[in-house]
Structure formats: C-alpha cells, structure tokens
Amino acid sequence: MDLIPISAIEDARRVIAGKAIRTPLVRLNLRDTPAEIYLKLENLQPIGSFKIRGAANAIARLSAERLERGVVTASAGNMAQGVAWCARELGVPCTVIAPSSAPDAKVHAVERLGGRVIKVSFDEWWRAFEQRAFPGVEGTFIHAFDDPFVMAGNGTLAFEILEDLPEVDAVVIPWGGGGLTCGIASALRQLRPSCKIFTAEVATAAPFAASLAAGIPTEVDYKSSWVDGIGAKAVFPQMFERARALVDGALIADLDSIAAALRLLITRNHIVAEGAGACPVACTLAKPMTGKIVCIVSGGNIDRSKLSTLLTSD
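Residues numbered from 1 in each chain as written. Predicted model: local features only at pLDDT ≥ 70, side-chain atom pairs only at ≥ 80, totals over all residues. Heavy atoms only, no water.

**Examining the pattern of salt bridges**
Applied cut-off: By convention in these notes, a salt bridge is any Lys or Arg side-chain nitrogen within 4 Å of a carboxyl oxygen on Asp or Glu. Put simply, DSSP H or I for four residues or longer makes a helix, DSSP E for two residues or longer makes a strand, and each gets a number counted from the N terminus. Burial status follows relative accessibility: with a 1.4 Å probe on protein chains alone, a residue under 20% of its type maximum counts as buried, one over 50% as exposed, and anything between as partly exposed.
Overall, the coordinates contain 20 salt bridges when judged by the stated rule. Between lysine 106 and aspartate 228 there is a salt bridge, with its nearest N and O atoms 2.6 Å apart. On the criterion of sequence distance, the pair formed by lysine 106 in helix H5 (residues 104-112) and aspartate 228 in the loop between helix H9 (207-214) and helix H10 (237-244) is long-range, its members being 122 residues apart. Looking at aspartate 228, the relative accessible area reads 21%, which means it is partly exposed. Through salt bridges that share partners, Arg13, Arg22, Glu163 and Asp164 make up one connected network.

**Here we look at the packing of aromatic side chains**
So the rule is basically this: Paired rings are identified among Phe, Tyr and Trp, the last through its six-membered ring, by centres lying within 6.5 Å, and are further divided according to the angle between planes into stacked (under 30 degrees), edge-to-face (over 60) and tilted (the rest). Definition used: whenever NZ (Lys) or CZ (Arg) falls within 6 Å of the ring centre and also within 35 degrees of the ring normal, the charge is taken to sit over that ring.
Scanning the entire structure with this criterion turns up 10 aromatic pairs. Above the plane of the ring of tyrosine 38 lies arginine 27, whose end atom (NZ or CZ) is 5.8 Å from the centre. A cation over an aromatic ring shows up here: arginine 88 above the ring of tryptophan 85, its NZ or CZ 5.0 Å from the ring centre.

**Some words on the sheet that holds strand E10 (residues 291-297)**
Under the convention used in this document: Any two strands with at least two DSSP bridges between them are considered paired. Here the axes come from fitting lines to C-alpha atoms, over the contacting stretch only for helices, and the angles between their N-to-C directions go from 0 to 180 degrees. Any two residues whose heavy atoms approach within 4.5 Å at even a single point are treated as in contact.
Within the open sheet, the six strands sit side by side as E1-E2-E10-E7-E8-E9. Their pairing is mixed. If you trace the sheet from one side to the other, it starts and ends with strand E1 (25-27) and strand E9 (249-253), each paired once. Going across the sheet, the axis of each strand differs from the next one's by a mean of 30 degrees, ignoring polarity. Pairing of E1 with strand E2 (residues 35-41) involves three bridges; the strand directions are antiparallel. Counted as the bridge partner of arginine 27 is tyrosine 38 from E2. Sitting on the sheet, helix H7 (residues 148-164) is in contact with E1, E2 and E10, with an inclination near 135 degrees to E2. Relative to E9, helix H11 (residues 255-269) is tilted by about 85 degrees, and along the sheet it contacts E1, E2, strand E8 (196-202) and E9.

**Let's talk about the pairing of strand E4 (residues 94-99)**
Across a regular strand the side chains alternate sides, sitting on one face of the sheet and then on the other. Quick reminder of the rule: Seen with its strands pointing away from the viewer, a crossover is right-handed if its path from the first strand over the helix to the second goes clockwise.
With six of six residues buried, E4 is to be regarded as a mostly interior element. Burial along E4 is two-sided: the face carrying Cys94, Val96 and Ala98 and the face carrying Thr95, Ile97 and Pro99 are both buried. Pairing analysis gives four bridges linking strand E3 (residues 71-74) to E4, with the strands arranged parallel. Considered in E4, the bridge of threonine 73 is made with valine 96. As for the winding sense of the linkage, the β-α-β connection from E3 through helix H4 (residues 78-90) to E4 is right-handed. Alignment of E4 against strand E5 (residues 116-120), held across five bridges, turns out to be parallel. Bridged to alanine 98 within E5 is lysine 119. In this region the chain leaves E4, passes through H5 and returns to the parallel neighbour E5; the handedness of that crossover is right-handed.

**A look at unusual backbone geometry**
Most peptide bonds adopt trans geometry, and most residues besides glycine take a negative phi value. One non-glycine residue, arginine 132, lies in positive phi territory at about 55 degrees. Tracing the backbone through its elements, the reader meets arginine 132 in the loop between helix H6 (122-131) and strand E6 (140-141). We classify arginine 132 as partly exposed; its relative accessible area is 35%. Residue histidine 270 is not a glycine yet carries a positive backbone phi of 60 degrees. By the element assignment, histidine 270 lies in the loop between H11 and helix H12 (275-286). By relative accessible area, which is 70% here, histidine 270 ends up exposed.

Structure follows, in structure tokens:
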C-alpha cells in the first residue's frame, strides 16, 4: 500500500497548528440505530471545511521564490477557500479555476478572502487538475487532492478521531478526489488497522464506486447537483490505485437521502452541513452497520437559498 507515512502526518499536524482548529467529535442524537454514529465536525473550520488542513500543509512547503509567484488551484469552492485563506495570511496572490457550476456562496467566499476566481467549463476545469496548471495563469499550482502534503494534512483528522474515540470501528468519508480518504485511511491503516473505511458518494456523480466495482478507473455519467463538494466524472488513476488498497467499500446515497440527512443534522444536533458533509450520514443510515461509526462532516458551505429550500421541502 502506498501509505502516507505517520511521520509525515505528525509533521503536518505541527505545521498546520494555529491555522486549522482541532474540531469536535460528537454523538449524533439519534438512538434508534444499530450503530453509535459520531460526527467529526470539519464544518467548524475557519473556512467551513477540512480543506484548510491540506492547503496549509502544502503551501507551508513552498519556497519563498515559488510563493512570490502566487498560488493557483482548481476547485469548486472549498479547496479554493483553503488556498485563498493561506495566501491572504502570507500576502501572496491567489487564483482559483472554478467550474461554471460553482455555487455563488463559495465563489463569493473566495473573493472575500482576496482570491481571483476564473469560471470555466467543466472540461476545462478537469484539465486543470490533470495538467496542474491553467493557460495564461501564473503561480504555483496547489492540487486539491493528488498531493502527498495535502493528503498528510488531511490525515491529521485521523489522529484527532483516535484520541477522542480510540475504539472506533468504522469511518465514512466523502469522496471527491480522494485526498481526504487517502490521508485519513493512511493513518488508520497504520494506527488502527481493524477500523473499516468506507467512501461516500452522491448517486449523480459516483465514479469511485463504479471504478471499485469494475476494478479499473471508470468514467460515469456526471450530473451536477446541489451536492457540489463531491462528485466528478472520473477518478484519477493514481488516486484509484492508492485508495483501492485502503478502503473496505464504497457507499452511495441519492439526493433525497442526503437532503434528509442534512435536515436530521440540523434538527437533532443543530449542525449545518453542506451536501458533501451530510452524505456520509446518509450512507451510514442506509447501510446496516454496528459499532462506533464516525462520519466526516467535511464542510458546511451551503448557499442560504438552497438550505432554505431543502428545509422547507421535507
């Protein structure tokens, strides 16, 4: 297995201290389930998502010369905010390549942090991930998921989970590009190998589940939705090979189930999650599990208008 070393994750924890906060792990206030469900609240990060962990660790490794050119990332919103936050702290320019479907709330958040947002077609956005650059844009590219420093930063989540719940039986992680899954799973495989690891995807864009079932990276019929923090048309081959050796299964939830999970988090725990953050809860409730299960509530950056619609459509 191509694991991120524990030493790299420990170093990342030191580097990001003071930038990312140590988020709470709380019990879901729902007792009529066979499993004890816990929520890792990354929606409470300064930028509203876990992405600040990986962004802060990756940017901290750049030389002064590379930083001076500014930083660039491709993101639908959350990694963009993580990179923009760190760039603002360092006083360097930040440019974000975003898909045309990126929600206004996330775009405006990036702009408030001083980032420049360039909206492009989905295919152009995807090529930016593949090429780690965008034509005509200067700066050092910070990859949202396929970067060992980003994955090491994400892996710090596992340390916090094990400190708060040493006997954890399973962790359910939203799958976007795989950087969160591979970071957390790398740590857990080394520190608590008995812990099961599941990915969570939205049914309208679930390439990892399809790829895992086929045994090879597989493209799916991608449909954009309000669950914008996860979902793509394909899995990067290198991320697939890394993740397939780390996970125990891939779970999928439909949009209605994710909306129901989002409402449940608000009514039972007073937690506002975006679609990607509610997806692990939806998947866990749909799959019969026992033991102590941790759902990664990856973020809470959701448009207020969309949230209002979801809350009144039950």
